[in-house]
Amino acid sequence: MSGFLDGIRCGDCECNVDWGEKRNTIASIAAGVLFFTGWWIIIDAAVKYPNDATFHHAYHTCGVIATLAFLMINAVSNGQVRGDSYSEGCMGQTGARVWLFLGFMLAFGSLIASMWILFGGFVVPEKPIVYPGIAVFFQNAFIFFGGLVFKFGRTEDLWQ
């Protein structure tokens, strides 16, 4: 999956762009746009519905946990997980794998919690305003997919 941008063709234009060397740049920009969009949506919901009756402020916790998971997932390189470039430290390769696993657990947990907030807090009780629940879900979905793009869209071969 990490080589999905290697064979991309830009039609039959004569632009002669080598997308393989721009892969890290494209993946980083795409992940940044997804991350920014997620936080922009939740800021919009918080500004539009500032009182606790329509949008409880504890719902921001899912986005904070998703952001923490984004950072945890991308703090560990693929080489550290494979054991190629990391052998020292208190736990070595096992520590890197545990850290990555905990990051993915937090990411999936925040995404599942945002679905629970959407359906349990807004859809099932048939509240007249559903947008804050949708905003919480989309915030976590965008942060989650931004983290995946940033982790697996880049290649470490260009770093050396």
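Just above sits the structure.
Attention here is on the structure that accompanies the text. (Residues numbered from 1 in each chain as written. Predicted model: local features only at pLDDT ≥ 70, side-chain atom pairs only at ≥ 80, totals over all residues. Heavy atoms only, no water.)

A word on the packing of aromatic side chains. Within this structure, the stated rule accounts for twelve aromatic pairs. The interplanar angle of 50° and the centroid separation of 6.3 Å between the aromatic rings of Tyr-49 and Tyr-131 together place this pair among those described as tilted. Placement of the pair is Tyr-49 in the loop between helix H1 (23–48) and helix H2 (60–75) and Tyr-131 in helix H5 (residues 131–152), with a sequence separation of 82 residues. With centroids separated by 6.2 Å and ring planes inclined at 55°, the aromatic side chains of Phe-55 and Tyr-59 adopt a geometry described as tilted. With relative accessibility at 0%, the residue Phe-55 sits in the buried group. What links up through ring pairs into an aromatic cluster is the set Phe-104, Phe-108, Phe-144, Phe-145 and Phe-152. The side chain of Lys-127 reaches across the aromatic face of Phe-122, ending 5.2 Å from its centre. (Phe/Tyr/Trp six-rings, centres within 6.5 Å; stacked < 30°, edge-to-face > 60°. Helix = DSSP H or I, 4+ residues; strand = E, 2+ residues; numbered from the N terminus. Buried < 20%, exposed > 50% of the residue type's maximum accessible area, 1.4 Å probe, protein only. Lys NZ or Arg CZ within 6 Å of the ring centre and 35° of its normal.)

Our next topic: the side chain of Arg-23. Mapped onto the secondary structure, Arg-23 falls in helix H1. Within the structure, the side chain of Arg-23 is placed 2.8 Å from the backbone oxygen of Gly-153, a separation counted as a polar contact. (Polar contact = N/O pair within 3.5 Å; in protein donor to acceptor, adjacent residues only side chain to side chain.)

Let's shift gears to the environment of Leu-111. Within the element layout of this structure, Leu-111 appears in helix H4 (residues 92–123). With 45 residues separating them along the chain, Leu-111 and Ala-66 place their C-alpha atoms 7.6 Å apart. Once residues within four sequence positions are removed from consideration, Leu-111 is found in contact with Phe-137, Asn-140, Ala-141 and Phe-144. (Contact = heavy atoms within 4.5 Å.)

Attention now moves to unusual backbone geometry. Despite not being glycine, Glu-126 shows a phi value in the positive range, around 55°. With respect to the element layout, Glu-126 can be found in the loop between H4 and H5.

Helical geometry: 3.6 residues make up each α-helical turn, so side chains three or four residues apart lie on a common side. Over its 26 residues, H1 runs 37 Å from end to end, which matches the ideal 38 Å to within 8%, given 1.5 Å per residue. For H1, the set of buried residues is Arg-23, Asn-24, Ala-27, Ala-31, Gly-38, Ile-41, Ile-42 and Ala-45. (Expected span 1.5 Å × (residues − 1).)

With respect to the helices and strands, the residue Gly-121 is situated in helix H4. Of the residues examined, Gly-121 reaches a relative accessible area of 13% and is grouped as buried.

Turning next to the environment of Trp-116. With respect to the element layout, Trp-116 can be found in helix H4. Overall, the relative accessible area of 63% leaves Trp-116 in the exposed class. In this structure the C-alpha to C-alpha distance between Trp-116 and Phe-137, which are 21 residues apart in sequence, comes to 8.9 Å.

On to H5, then. Here H5 is 22 residues long and its end C-alpha atoms lie 31 Å apart, about the 32 Å a rise of 1.5 Å per residue gives. All of the buried residues along H5 are Pro-132, Gly-133, Ala-135, Val-136, Gln-139, Asn-140, Ala-141, Ile-143, Phe-144, Gly-146, Gly-147 and Lys-151. Looking at the buried positions of H5, the neighbouring elements they touch are H1, H2, helix H3 (78–82) and H4.

Running from N to C, H1 and H5 cross one another at 165°; their axes reach a closest spacing of 8 Å. The angle between H1 and H5 falls in the class roughly antiparallel. For the pair H1 and H5, the crossing hand works out as left-handed. In terms of residue class, the contact of H1 with H5 is made up of 20 nonpolar, five polar and two charged. (Axes fitted to C-alpha atoms, helices over the stretch in contact; angles between N-to-C directions. Parallel < 35°, antiparallel > 145°, perpendicular 65-115°, else oblique. Left-handed = near helix turned anticlockwise from the far one by under 90°. Nonpolar A, V, L, I, M, F, W, Y, C, P; charged D, E, K, R; others polar.)

The values are spatial; any link to function lies outside them.
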